[in-house]
Amino acid sequence: MVKRIAINTGGGDAPGLNAVIRATVLAAINRGWECYGIRDGFNGILNPDRYADGGVFRLTRDGVRGIAHLGGTILGTTNKGNPLHYPVQMPDGTTRDTDRSGEILDYFAKEKLDALVAIGGDGSLTIAHALHKMGLPVVGVPKTIDNDLDKTFTTFGFDTAVAFATDCLDRLHSTAESHQRVMVVEVMGRYAGWIALHAGISGGAHSILIPEIPFDIEKVAEKVRWRDGLGRMYSIVVVAEGAAPVEGGREVAEAAGTGHAERLGGIGERVARALQERTGKDARVVVLGHLLRGGSPTSFDRLAALRFGAAAVRALEQNMSGVMVSLAFPNVEYVALEEVAGRMKGVPLDSDTLQTARDIGINFGD
């Protein structure tokens, strides 16, 4: 029987993480269980000396009071602490990938922790799946503003990111029109175009460039010139950070290294320069970047996060393991982690949302 559980949050932060933590803790305590939080992914276990008050700590009712509306995570997070490929500095100064997953299982056994609620995106849930296969009872909760996790209608954090990006686009219309400029807005999303697509349509963008559709910059320039010919002397172009031209690769700000994936960035500048050269118009770039990750979650994300946290506890109560909580309207369901780990959900090219954009005249550079 489950009596003591641990919670961790891994990968990039997202609005709604604290709501999941609150719901998980309260649902567990209301069943008579104890709840513990692991700091910064798994670093609280693997590097406890970093934390003056301990890398793992008791979560109480008072500790999660009033946090559901707060952005970020009270547990901390990291995208550079994969225990399966943990960066360890060698005596000669080099860094080497080391598998430290066994230390996590040893810790759970020593502290008599019965299960883990792992809150994260594709990378974190891939780790959770590996720990499950090693014998640790695990339930995953899908988190990413990118909405690129498979087997769930949406992830919490996505709605908040889209809402903020849409607000930014609304504001940019007036300044772009006043100066008759091309405004290029770069948004997060990694290798999926969900944020760019949803915010671009909602915010009245004229062109949207996403990873799923390699773009021809000349066709984007044609759209700008066409609008000028109609007397619409400005254009808004939304670019997902993972978008790439038909001939050429993605813009990478930092290559993948020991314990972390590559960091994308720079495509907005590239598109703006190309459009300015081809149209003669002043082109400016706005990179929303980490602004999309911050702030309070929308009511949709807040409720989804609370539902996910409570559902994770119900799964453990029913002796489930190796599953992820999934949003499938109107209810929450459970899917096997093996169906999620290592899989990315891109924008379907035949989706209704994409077709809507085409029907109203939005250009995708194809």
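Visitor: Whenever I open this one, helix α8 (residues 267-279) confuses me. Can you help?
Guide: Owing to its 3.6 residues per turn, the α-helix aligns residues three or four sequence positions apart on the same side. The terminal C-alpha atoms of α8 lie 18 Å apart, and with 13 residues this matches the ideal 18 Å at 1.5 Å per residue to within 8%. Each element contacted by the buried residues of α8 is listed here: β8 (182-187), β9 (207-209), α7 (217-229), β10 (235-240) and β13 (283-287). Just downstream of α8 lies Gly280, where phi reads positive at about 75°.

Visitor: Sorry, what's going on with the sheet that holds β10 here?
Guide: Sheet strands pair by backbone hydrogen bonding; their relative direction is either parallel or antiparallel. Reading across the sheet, the four strands line up as β9-β10-β8-β13 and stay open at both edges, with parallel pairing between neighbours. Only two strands of the sheet have a single neighbouring strand rather than two, namely β9 and β13. Strand-to-strand twist in this sheet, taken as the mean axis angle between neighbours without regard to direction, amounts to 20°. By the bridge criterion, six bridges tie β8 to β10 in an arrangement that is parallel. Note that in β10 the partner of Val187 across the bridge is Ala240. Each of β8, β10 and β13 is contacted by helix α5 (residues 158-179), which is oriented at about 140° to β10, the strand it contacts most.

Visitor: Explain the pattern of salt bridges to me, please; I cannot follow it from the model alone.
Guide: When the charged atoms of two side chains with opposite charge come close together, those side chains can pair. In the structure shown here, the tally under the stated rule is 15 salt bridges. The partner of Glu103 in a salt bridge is Arg100, and the shortest N-O contact between them spans 2.8 Å. Taking the relative accessible area as the measure of exposure, Arg100 reaches 15% and is therefore buried. Asp150 serves as the salt-bridge partner of Arg343, at 3.1 Å between the closest nitrogen and oxygen. One end of the pair, Arg343, is in the loop between β15 (331-336) and α10 (352-359); the other, Asp150, is in the loop between β7 (138-142) and α5, and 193 residues separate them in sequence. With relative accessibility at 16%, the residue Asp150 sits in the buried group. Here the salt bridges share partners, and the residues they tie into one network are Arg4, Glu34 and Arg58.

Visitor: It is not clear to me how the pairing of strand β1 (residues 4-9) should be interpreted in this structure. Could you clarify?
Guide: In the case of a regular strand, side chains alternate between the two sheet surfaces. When you tally the buried positions in β1, you get five out of six residues, the bulk of the element. Bridging between β1 and strand β2 (residues 34-38) involves four bridges; their strand directions are parallel. Following the sheet pairing, Ile5 is matched in β2 by Cys35. Read as a crossover between parallel neighbours, the route from β1 over helix α1 (residues 17-29) to β2 is right-handed. Here five bridges tie β1 to strand β6 (residues 115-120), and the two strands are oriented parallel to one another. The residue bridging Ala6 from the neighbouring strand is Leu116, located in β6.

Cut-offs and rules
- Residues numbered from 1 in each chain as written.
- Predicted model: local features only at pLDDT ≥ 70, side-chain atom pairs only at ≥ 80, totals over all residues.
- Heavy atoms only, no water.
- Helix = DSSP H or I, 4+ residues; strand = E, 2+ residues; numbered from the N terminus.
- Expected span 1.5 Å × (residues − 1).
- Contact = heavy atoms within 4.5 Å.
- Pairing = 2+ DSSP bridges.
- Axes fitted to C-alpha atoms, helices over the stretch in contact; angles between N-to-C directions.
- Salt bridge = Lys/Arg side-chain N within 4 Å of Asp/Glu carboxyl O.
- Buried < 20%, exposed > 50% of the residue type's maximum accessible area, 1.4 Å probe, protein only.
- Right-handed = clockwise from strand over helix to strand, strands pointing away.

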